[in-house]
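Residue-level structure breakdown
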Amino acid sequence: MEDQAAGILDFGKRVMEVVAPFVGVVKINIAFFEPYRGPGVDAYFKLVEYARNLGLVVIGDVKRGDIGHTSTCYAKAQLSDNGVELSAPDAVTLNAYFGIDGIQPFLDIAASEQKGMFILVHTSNKSAGQVQHLPITDGKTVTEKSGYAG
């Protein structure tokens, strides 16, 4: 697994070097690193650090969402720089399905760390409408009620 994680990190660094002169922000999806367990997660944070050192703003595409202590741990892992060798991303993507209980720990840590969040309310996948386009009691869809006007 270490060889695969090292290969992904090397590839990611090359991509960052190529795009850095042309873009200001990159979104790195942690899902492509996590199958390689510890070495993969380490490679993810090394790539985040590498991109930041190139002057890029980094969005961690983590799509986390849970409640209570679990959400707090996710928020610390993805947004907090405290006591960790490698920097966390500048912002993360979140799934709002759990409501404010799942978002609040991220809000708190993002505020204290001066980081950002992108909260999913409307996605482009084919089956998204099965939930996102459902009408609710006032006639609006779930997406419209969440604030996304399309």
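Described below are features of the structure shown in this document. (Residues numbered from 1 in each chain as written. Predicted model: local features only at pLDDT ≥ 70, side-chain atom pairs only at ≥ 80, totals over all residues. Heavy atoms only, no water.)

**Regarding the sheet that holds strand S4 (residues 116-120)**
Judged by pairing direction, the sheet is parallel, and its four strands sit side by side in the order S1-S2-S3-S4 without closing on themselves. Unpaired on one side and paired on the other, strand S1 (25-29) and S4 mark the two borders of the sheet. Direction aside, the axes of adjacent strands within the sheet are offset by 25° on average. Packed onto the sheet, helix H2 (residues 37-53) meets S1 and strand S2 (57-64) and runs at close to 150° relative to S2. (Pairing = 2+ DSSP bridges. Helix = DSSP H or I, 4+ residues; strand = E, 2+ residues; numbered from the N terminus. Axes fitted to C-alpha atoms, helices over the stretch in contact; angles between N-to-C directions. Contact = heavy atoms within 4.5 Å.)

**Description of the packing of aromatic side chains**
Taken as a whole and assessed by the stated rule, the structure comprises three aromatic pairs. For the ring pair Phe33 and Tyr44, a centre distance of 5.6 Å and an interplane angle of 70° mean the geometry is edge-to-face. With a gap of 11 residues between them, Phe33 in the loop between S1 and H2 and Tyr44 in helix H2 connect regions that are remote in the sequence. Residues Phe33 and Tyr44 agree in their burial class; the two are buried. Plain terms: the ring middles of Tyr44 and Phe45 are 4.9 Å apart, the flat faces sit at 80° to each other, and that makes the pair edge-to-face. Through a chain of ring-to-ring contacts, three or more aromatic side chains come together here, namely Phe33, Tyr44 and Phe45. (Phe/Tyr/Trp six-rings, centres within 6.5 Å; stacked < 30°, edge-to-face > 60°. Buried < 20%, exposed > 50% of the residue type's maximum accessible area, 1.4 Å probe, protein only.)

**Some thoughts on the environment of Gly12**
Locating Gly12 in the fold gives a position in helix H1 (residues 2-19). The class of Gly12 is buried, set by a relative accessible area of 7%. Separated by 23 residues in sequence, Gly12 and Pro35 place their C-alpha atoms 16 Å apart.

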